[in-house]
Amino acid sequence: MRTAWDRHQERQAHFLPVARRVTELEELPPGPALITGLRELRATPMTEELALRCVVQWERCESWLAAQKMVMLGEADRVGAERPLLAQELAALTNTAFSAAMGQLGLTDQVARALGSAWSALERGELTLSHVKALGRAVERFPVSVAQRVDEALVPLAIERRWTPAELRRAARRAAIDADPDGAADRAERAKAESDVLLYPRDDDMAGLDAHGDAATMQRVMDVINRDAEQLRRDGDRRPIGVRRITALANAVLGKAAADRPTVQTMVTVDLSTYLGLTNRPGELSGYGPITAELARQLSQDAELVRLITDPIEGTVVDVGRRSYRPTRLVRRIVEALHPVCAFAGCNRRAVSCDKDHRQDWREGGHTSTCNLQPLCRRHHNLKTQRLWSVDIDPDGSEVWTSRLGFKFVQRAPTYPIDLFEPPPDDVPTDVADRIPEHDPDPPLDEIPWPDVPPLSDEEFEAFTRAVDDLELHAWQAAERGYDTFRDLGLIG
């Protein structure tokens, strides 16, 4: 009788050639040869163990590629251009945020100056890019000499002990503080100046708050939230702890009466058919992003909410503002609803925090209207104003931004709503199709051909022509009488 172990052995023997090939690849350094070998195995059947071993090798290749990209970024950064301008080019070319591009360049510079051991481990595939980022964040405020000492001491330990990025960061923070205890207070004071609370939109009509400040204050805030959430439980609230924490936070900031009512002081954009309940297209909550039709209709009932109803066919706003340099408050809010974020490629700064830029310059005849205004954050507004990036407007309303290096990026004019899906096909519903018999009890009769039309004689053809002429005359006279009647009634000119 074959046992489970026998079946396992047979399975291993079946995949033995693939296992040998995977072992050979594991002995290769990360690079083109390893990538080519892994690509050859993509369509090869294998066990779960072999598949995971291949995933590990792809991770090594990914680390190697990140190290090579750093080399090129360092080369570009040494050319002499200002880093913000270079980051803007990189962000636009890679369709990423400016902050992400600045982060890539900053990390590359930090690695080149102080994290040589981390870069070498990254190129060998022994550490991931997440490990290098964690190490860089831990020592970024310390002198270069301290960062170098931490890098040389901890990278071998991280490889040997298989630390996660979080473990490496904790160890690096402790080692850096031990190496430079006198500067700790000064660094902490500078960090407090960067305290902030930020809103991050999430899916399913949800959002997150990222509050970062000094550790003592944030711990006290969390203690109060937990205390109030526990009090809600004692009062009979049986919802999950996370929901009670959010309720406690809202009660503390807004007051209980305000927290219980979904009052907003911003703008909701919704097309007319959705507002009337005829369709269910998503709405747009200014400062947040897309929301469900149900929530858009719910918020639109709030008397303190400014509703922006759009044309359901063209998706354009029916207000055009007034001719003056400074837009009215209503025009600004309409522009913010049409462009939730900065209109520059890849920038996600909220429109409410942006300048209202004239697409066609005011001095060149541009109007102050919703059709000619767009939000641009101060950085990108300055890029345009200082002609570091040039902007041309196409006949269809799209903008063509040209960078100082000559790269072109097209920003299409926004419309609302955006239909992403085709309408469903007119198929018979399943519940109806089930009731249709397989055999038609009343099949159609075979088509009976019409008999051939006999040819007309000369006399018959002449009579037919006179009849057609009479019909045309009567039709023309009837049209004339109808025209006179509509003119007398004033319906036509």
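Since this is a predicted model, take the numbers as computed values, not measurements. (Residues numbered from 1 in each chain as written. Predicted model: local features only at pLDDT ≥ 70, side-chain atom pairs only at ≥ 80, totals over all residues. Heavy atoms only, no water.)

**Student:** Any chance you could break down unusual backbone geometry for me, citing the residues and the numbers?
**Tutor:** In this structure, Arg162 is a non-glycine residue whose phi angle is positive, near 55°. Inspection of the secondary structure assignment puts Arg162 in the loop between helix 9 (144–160) and helix 10 (165–179). On the accessibility criterion, Arg162 (71% relative accessible area) is exposed. Non-glycine residue Arg387 carries a positive phi angle of around 60°. You can see Arg387 is positioned in the loop between helix 18 (378–385) and strand 9 (390–393). (Helix = DSSP H or I, 4+ residues; strand = E, 2+ residues; numbered from the N terminus. Buried < 20%, exposed > 50% of the residue type's maximum accessible area, 1.4 Å probe, protein only.)

**Student:** An account of the pattern of salt bridges is requested, with residue identities and associated values reported.
**Tutor:** Applying the stated criterion to the full structure yields 14 salt bridges. Residue Glu24 pairs with Arg21 through a salt bridge whose shortest N-O separation is 3.1 Å. Remark: Arg21 and Glu24 occur in helix 2 (residues 16–26); sequence separation between them is 3 residues, near one turn of the helix. Residue Glu24 is classed as partly exposed on the basis of its relative accessible area of 44%. Given a relative accessible area of 29%, Arg21 falls into the partly exposed group. As a salt-bridge pair, Lys384 and Asp357 come within 2.7 Å of each other at their nearest N and O atoms. In this pair, Lys384 is assigned in helix 18 and Asp357 in strand 7 (residues 355–358), connecting sequence segments 27 residues apart. Comparing Lys384 with Asp357, the two get one shared label, buried. (Salt bridge = Lys/Arg side-chain N within 4 Å of Asp/Glu carboxyl O.)

**Student:** Can you break down the packing of aromatic side chains residue by residue, with the values?
**Tutor:** For the structure on display, the rule yields 3 aromatic pairs. For the ring pair Phe344 and Trp389, a centre distance of 5.1 Å and an interplane angle of 75° mean the geometry is edge-to-face. Taken together, the residues span a long stretch of sequence, with Phe344 in the loop between helix 17 (329–338) and strand 7 and Trp389 in the loop between helix 18 and strand 9 at a distance of 45 residues. For Phe344, a relative accessible area of 2% puts it in the buried group. Ring geometry for Phe344 and Trp401: centres 4.9 Å apart, planes at 85°, overall edge-to-face. (Phe/Tyr/Trp six-rings, centres within 6.5 Å; stacked < 30°, edge-to-face > 60°.)

On their own, these measurements won't tell you what the molecule is for.
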